[in-house]
Structure formats: C-alpha cells, structure tokens
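The residues making up each chain are set out below.
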Amino acid sequence: AQKVTQAQTEISVVEKEDVTLDCVYETRDTTYYLFWYKQPPSGELVFLIRRNSFDEQNEISGRYSWNFQKSTSSFNFTITASQVVDSAVYFCALSEALTSGTYKYIFGTGTRLKVLA
Amino acid sequence: DAGVIQSPRHEVTEMGQEVTLRCKPISGHNSLFWYRQTMMRGLELLIYFNNNVPIDDSGMPEDRFSAKMPNASFSTLKIQPSEPRDSAVYFCASSSASAAIGETQYFGPGTRLLVL
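Residues numbered from 1 in each chain as written. Chains lettered and ligands numbered in written order. Predicted model: local features only at pLDDT ≥ 70, side-chain atom pairs only at ≥ 80, totals over all residues. Heavy atoms only, no water.

On to the overall build of chain A, then. What chain A contains, in helices and strands, is 0 helices and 12 strands. Along chain A, helices (α) and strands (β) appear in the sequence β-β-β-β-β-β-β-β-β-β-β-β when read from the amino end. The globule rule puts the C-alpha radius of gyration for 117 residues at 13 Å, and the 14 Å found for chain A is close to it. Along the first, second and third principal axes, the C-alpha set of chain A runs to 50 × 30 × 20 Å. When contacts within chain A are restricted to residue pairs at least 6 apart in sequence, long-range pairs at least 24 apart make up 55% of them. Of the accessible surface of chain A, which amounts to about 5800 Å², a share of 48% is contributed by carbon and sulfur atoms. Averaging the coordinates of the 11 positive side-chain charges in chain A and doing the same for the 13 negative ones gives two points 4 Å apart. (Helix = DSSP H or I, 4+ residues; strand = E, 2+ residues; numbered from the N terminus. Rg over C-alpha atoms; globule rule 2.2 N^0.38 Å. Contact = heavy atoms within 4.5 Å. Areas by Shrake-Rupley, 256 points an atom, 1.4 Å probe, with all protein chains shown as cover. Lys, Arg positive; Asp, Glu negative; His and termini not counted. Charge placed at Lys NZ, Arg CZ, Asp CG, Glu CD.)

In structure tokens:
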C-alpha cells in the first residue's frame, strides 16, 4: 500500500533561518505524483507544488525549493530565509492510480512549522 | 476567479441532529472530493465524484454519512444522525480533467463542525 511519512511533527526556527521539511513516500507504481500543501492558522489548504515521477529536476519558487530524489523516495521542501508568515502546517501528498481505475491522494500527517520573530 | 466555496464555515449542533454541508466547486472542474480532518486521523478522503457520479465512497465512515452531487456546481455531504465523534473540519476540493491522477486538487476553506 502507498504511504507518505513526514517524520518531523513540529519544527521551530528563528526568522531568517533556512528549514527543510522531509517527506518520504512508498509506492510500487512507476507513475505517480507528489504534492505539497500549506495549511496556515486560518485553516485552508493551499496548493504549493506538483511533481510527477518522471521529473526529478529540483524546483525553486522564490524562497521555496523542492528536492525530489527517486533513489531515496523523498520529496523534501526547503524554505530559505524563513519568515513568520511561513508558520503553518505543511502536508506532503502522493497520488497514484488504484487497480480500480480510480486514484487517491494519500496525505502525510503534516509538519507544523513555527517561525519565531 | 472564485475558488471552492463551502458553507457553512462553522456549524454547532446537538447529537442526533441532521447536518448538511455544502460545496460549490471551481467552475469547469469536473471532479469533486470530500475530506475530513481530525487530530487523530489527519486528512481522510470520504468520497469523490467525477462528472457528478460517485467514483469511490470507500472512505465514508458509515451509513449515517451520505453525499450527493445533483449537478456540476453543487454537492452536499449529509450526516444523519450526527454524533460527537463526527466533530471535525470537513473540506471540499475540486480538480479539472477526469480524475486523472496528476491533477491538482484545490481545497475550499472547510466547514468546522462541532457536535455536542
């Protein structure tokens, strides 16, 4: 069965520090997609990035960057020069096709990031 | 553009009452998902629809839960009768295309349900 592990339950950093959130996944399929979502204190889930299993290029978007490594089944998320507004719970998710022809997102348990001023 | 719209945003009810949660997906999206989020179980998929048809309802906890999608722009999740253990945040999400595995799901703001 597919699985997503976010081993870091909570991380606290001081503003301007860099921080990396880990995500490790398990799947038997060769075709799958990985996602990161942000859930700020207001509660909504905000989409951050999507990556397919055939694209291992790292991605950078402003202060955010993602490192996808199939060899270690990891899709880690780094925030550079963290800010208080980055405080949120971050979820990693895996999407893969099921034998029934449907698909499902499997979410990790989330990592709560606290950025202190 | 409007995102996914959910109502109500907060609901407080007493055990045994019927609760109806509503969702309007993003215009043009043809897949809709209902999730439940609790501290104990995290984010769980309850049911999803494609082109208004339920595709996978294996996550619906029990017969007290039902979901409908009468048209492309509206869905409901009903709990009858409600129980305290149903207290959670319920999210609706939508995506474009035909439930393809790589499609991004966009979430609504959630409905925070408290059953006393």
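This brings us to the interface of chain B and chain A. Listed per partner, the contact involves 21 residues of chain B and 21 residues of chain A. One can count 0 salt bridges joining chain B with chain A. Of all elements in the fold, only β4 (31-38), β5 (42-50), β6 (53-56), β9 (88-95) and β10 (106-107) of chain B reach the threshold of two or more residues within the side of chain B that touches chain A. Looking at side-chain class alone, the side of chain B that touches chain A contains 13 nonpolar, 6 polar and 2 charged residues. (Salt bridge = Lys/Arg side-chain N within 4 Å of Asp/Glu carboxyl O. Nonpolar A, V, L, I, M, F, W, Y, C, P; charged D, E, K, R; others polar.)

Another aspect to go through is the pattern of salt bridges. Residue and element names in this part refer to chain B. By the definition in use, this model includes 12 salt bridges over all chains. Residue Arg64 is joined to Glu62 by a salt bridge in which the shortest nitrogen-to-oxygen separation is 2.8 Å. Classification of Arg64 as buried rests on a relative accessible area of 10%. Of the charged contacts in the structure, one is a salt bridge between Glu83 and Arg64, with a shortest N-O distance of 3.5 Å. Within this pair, whereas Glu83 is found in the loop between β8 (74-79) and β9, its partner Arg64 is found in the loop between β6 and β7 (65-71), the two being separated by 19 residues in sequence. Salt bridges sharing common partners tie together Glu62, Arg64, Glu83, Arg85 and Asp86. (Buried < 20%, exposed > 50% of the residue type's maximum accessible area, 1.4 Å probe, protein only.)

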